[in-house]
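Analysis of the macromolecular model
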Amino acid sequence: MSEEKKGQEELKEYAGGWMTERKGTDAPGFLKLAFPVIGLGCVAYLFLQIYGDVDHATRGPLVKQFNMVAKTNPMLSYTVATLALIYVVTVVVFAFRKPHQD
């Protein structure tokens, strides 16, 4: 029985017990790989699609006309993409840090 209490003391619960964390454990390797791959993919999409799908065969001319009429300014998109990149770098640094000890 003392072993069960010891095992329970090593677990930390979050969200009312829906998530548990064993003290001193690290994030799984697939998550450490998934964070930068998915995040950088999203940031690349934001940078590549700043003006929309202007190179598409049928929609391209309409998107170009819309951008001219709407006076599309890419600065907002660059700002959002830069903030997303900063977020991705922060998450990756956090994921690859040594696990915390409570």
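Note that the structure is a prediction, hence the values are computed from the model and not measured.

1. Some words on the confidence of the model for the protein chain
Of the residues in the protein chain, 87% reach a pLDDT of 70 or more, and the chain-wide mean stands at 82. Model confidence for the protein chain, summarised as mean pLDDT per element, is weakest for helix α1 (residues 2-9) at 54 and strongest for helix α3 (residues 60-70) at 90.

2. Focus on the packing of helix α2 (residues 29-48) against helix α4 (residues 74-96)
Relative orientation of the contacting elements α2 and α4 amounts to 175 degrees, with a least axis distance of 9 Å. Here α2 is positioned roughly antiparallel relative to α4, judged by the angle of their axes. Facing Lys32, Phe35, Pro36, Gly39, Leu40, Val43, Leu46 and Phe47 of α2, the residues of α4 in contact are Tyr78, Val80, Ala81, Thr82, Ala84, Leu85, Val88, Val91, Val92, Ala95 and Phe96.

3. Comments concerning the packing of aromatic side chains
The geometry of two aromatic rings is summed up by the distance between their centres and the angle between their planes. One pass over the structure, following the stated rule, counts one aromatic pair. Ring geometry for phenylalanine 47 versus tyrosine 78: centroids 5.9 Å apart, planes at 45 degrees, classification tilted. Here phenylalanine 47, found in helix α2, pairs with tyrosine 78, found in helix α4; they are 31 residues apart in sequence, far enough to count as distant. Relative accessible area serves as the criterion here: at 35%, phenylalanine 47 is assigned to the partly exposed category.

4. As for the pairing of strand β1 (residues 11-14)
On any regular strand, side chains alternate: one points to one face of the sheet, the next to the other face. Note: β1 against strand β2 (residues 19-22), four bridges, orientation antiparallel. Note on β2: the bridge partner recorded for tyrosine 14 is methionine 19. Between the antiparallel neighbours β1 and β2 lie four residues, among them alanine 15 with a positive phi of about 55 degrees.

5. Thoughts on the environment of cysteine 42
Mapped onto the elements, cysteine 42 comes out in helix α2. Judged by its relative accessible area of 46%, cysteine 42 falls in the partly exposed class. Sequence spacing of cysteine 42 and alanine 81 is 39 residues, and the spatial spacing of their C-alpha atoms is 8.7 Å.

6. Notes on the environment of leucine 31
With respect to the helices and strands, leucine 31 occurs in helix α2. Look at leucine 31 and you get partly exposed, because its relative accessible area is 29%. Each C-alpha atom, one on leucine 31 and one on alanine 95, is 8.4 Å from the other, the two residues being 64 residues apart in sequence.

Definitions and limits used
Residues numbered from 1 in each chain as written. Predicted model: local features only at pLDDT ≥ 70, side-chain atom pairs only at ≥ 80, totals over all residues. Heavy atoms only, no water. pLDDT = per-residue confidence, 0-100. Helix = DSSP H or I, 4+ residues; strand = E, 2+ residues; numbered from the N terminus. Axes fitted to C-alpha atoms, helices over the stretch in contact; angles between N-to-C directions. Parallel < 35°, antiparallel > 145°, perpendicular 65-115°, else oblique. Contact = heavy atoms within 4.5 Å. Phe/Tyr/Trp six-rings, centres within 6.5 Å; stacked < 30°, edge-to-face > 60°. Buried < 20%, exposed > 50% of the residue type's maximum accessible area, 1.4 Å probe, protein only. Pairing = 2+ DSSP bridges.

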